[in-house]
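Listed below, chain by chain, are the residues.
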Amino acid sequence: MESVKLNNGVCMPMEGFGVFQVPEDTCEQVVRDAIAAGYRLIDTAYSYQNEKAVGNAIRSCGVPREELFITTKAYIQQMGYEKTKEAFAESLDNLGLSYLDLYLVHMPFGDYYGAWRAMEELYEAGKIRAIGVCNFLPDQLLDLCYNVRIVPQINQIERHPHYQRAEELALMQELGVQPQAWAPFAEGLKGMFTEPVLLEIAEKYGKTPAQVILRWNVQQGVIVIPKSVHKERMEENLAIWDFALDEEDMEKIASLDQGCPSMLDTRKISEVKRVYDYLNNPVLTSL
């Protein structure tokens, strides 16, 4: 497993385990299985409603806390200076932890500037090792970076072969913000796992299309957080560090870019309405 050094010097694993859509009643065992498989970065969020299960798994997994990298996120309704301070305390209590490795603004909506001030203070108080954002488009990220004391360490975005976002990655590199890919497989939408190019490359290396996708991301310096509730898939997704895609492979995958998201488009009114209502009605996408 390789790590990357964030702009504040904190080292973060390049591959982790996401728990989006993992139900509370099964999440504890799933996270224990993931940690046993070798994952050390665990990514959850308040809106996933499984922070308590993740915390139980952390305490019972047998791996020292300092060897784990735990991420959670504050949702739209938790934005604002005071609200985010309260949200952080609630998430920390849910997880049963004394600090977080990474705390993120989950959506670029609401008073995220007030939230950021709260997160800067929590970071400076040693309660969070790194702070960042999710789903910020280039103009939003640039504006934030121009107006805050502490530039985000992370921008977690939808990123997969159908939505490659090369210009955005270039901007993040310029700003010193580390990209992290959620939904690296786009939930298998639009025939992701049956793309002939990915099948061909996978056969070449004796790997699966999923492993090729993850390797493609990390070779471009993008952290990945795949999710699976199946032990064999967890292990498969980790087995990407023993091969490398050549330049020809990377060019072939570049040809798959459709230039539009499969999961989340915060420029669409229907999507903005959906994410604002997500805590009441967890619809995955309106695209």
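Check the entry above for the structure.
Computed from a prediction, not measured in an experiment: that's the story for all the values here.

Asks: It is not clear to me how the overall build of the protein should be interpreted in this structure. Could you clarify?
Replies: When you go through the protein residue by residue, the secondary structure sums to 11 helices and 10 strands. On C-alpha atoms alone, the protein measures out to a radius of gyration of 18 Å, which is about the 19 Å that the 2.2 N^0.38 rule sets for 287 residues. For the protein, the C-alpha atoms occupy an extent of roughly 55 × 45 × 40 Å along the three principal directions. The buried share of the protein, taken over its 287 residues, is 56%. For the protein, the exposed surface amounts to about 12000 Å²; the carbon and sulfur share of it is 50%. The average position of the 27 basic charges and that of the 42 acidic charges among the side chains of the protein differ by 3 Å.

Asks: Whenever I open this one, the pattern of salt bridges confuses me. Can you help?
Replies: Here the idea is simple: oppositely charged side chains can pair when their charged atoms come close. In total, this model carries 17 salt bridges according to the counting rule given. K252 is the salt-bridge partner of E200, the closest N and O atoms lying 2.9 Å from each other. Remark: K252 occurs in helix α10 (residues 247–254) and E200 occurs in helix α7 (residues 196–205); sequence separation between them is 52 residues. You can call E200 partly exposed: its relative accessible area is 44%. Its relative accessible area of 24% is what places K252 among the partly exposed residues. Between R274 and E271 there is a salt bridge whose closest N-O contact spans 2.7 Å. You can see R274 and its partner E271 sitting in helix α11 (residues 269–276), three residues apart, about one turn around the helix. Look at R274 and you get buried, because its relative accessible area is 11%. One continuous salt-bridge network, built from bridges that share partners, spans R65, D101 and R129.

Asks: What exactly am I supposed to notice about the pairing of strand β8 (residues 154–158) here?
Replies: Both faces of the sheet carry side chains from a regular strand, because those side chains alternate between them. With respect to burial, β8 is a largely interior element, five of its five residues being buried. Following the chain from strand β7 (residues 131–134) across helix α5 (residues 138–147) to the adjacent parallel β8, one finds a crossover that is right-handed. Across five bridges, β8 lies against strand β9 (residues 178–182) in parallel orientation. Looking across to β9, one finds that Q156 is bridged to Q180. Traced from β8 through helix α6 (residues 166–175) to β9, the parallel crossover comes out right-handed.

Asks: Teacher, can you tell me more about the sheet that holds strand β3 (residues 17–18) here?
Replies: In sheet architecture, strand pairing relies on hydrogen bonds along the backbone and comes in two forms, parallel and antiparallel. Strand order in the open sheet made by the eight strands is β3-β4-β5-β6-β7-β8-β9-β10, with parallel pairing throughout. Since the sheet does not close on itself, it has two edges, and those belong to β3 and β10 (223–224), each with one partner. Bridging between strand β5 (residues 69–74) and strand β6 (residues 102–105) involves four bridges; their strand directions are parallel. Bridge pairing in β6 places T72 opposite Y103.

Asks: Would you mind going over the environment of L171 with me for this structure?
Replies: With respect to the helices, strands and loops of the structure, L171 is situated in helix α6. The contact partners of L171, leaving out residues within four places of it in the chain, are P138 and L142.

Asks: Quick question: what am I supposed to make of the packing of α7 against α10 here?
Replies: If you want to describe how two helices pack, look at the angle between their axes and the distance between the axes. In contact at an axis separation of 10 Å, α7 and α10 are set at 160° when each is read in the N-to-C sense. Taken together, the axes of α7 and α10 are roughly antiparallel relative to one another. Here α7 runs over α10; the crossing is left-handed. On α10, the residues that touch V197, L198, E200, I201, K204 and Y205 of α7 are D249, K252 and I253.

Cut-offs and rules
- Residues numbered from 1 in each chain as written.
- Predicted model: local features only at pLDDT ≥ 70, side-chain atom pairs only at ≥ 80, totals over all residues.
- Heavy atoms only, no water.
- Helix = DSSP H or I, 4+ residues; strand = E, 2+ residues; numbered from the N terminus.
- Rg over C-alpha atoms; globule rule 2.2 N^0.38 Å.
- Buried < 20%, exposed > 50% of the residue type's maximum accessible area, 1.4 Å probe, protein only.
- Areas by Shrake-Rupley, 256 points an atom, 1.4 Å probe, with all protein chains shown as cover.
- Lys, Arg positive; Asp, Glu negative; His and termini not counted.
- Charge placed at Lys NZ, Arg CZ, Asp CG, Glu CD.
- Salt bridge = Lys/Arg side-chain N within 4 Å of Asp/Glu carboxyl O.
- Right-handed = clockwise from strand over helix to strand, strands pointing away.
- Pairing = 2+ DSSP bridges.
- Contact = heavy atoms within 4.5 Å.
- Axes fitted to C-alpha atoms, helices over the stretch in contact; angles between N-to-C directions.
- Parallel < 35°, antiparallel > 145°, perpendicular 65-115°, else oblique.
- Left-handed = near helix turned anticlockwise from the far one by under 90°.

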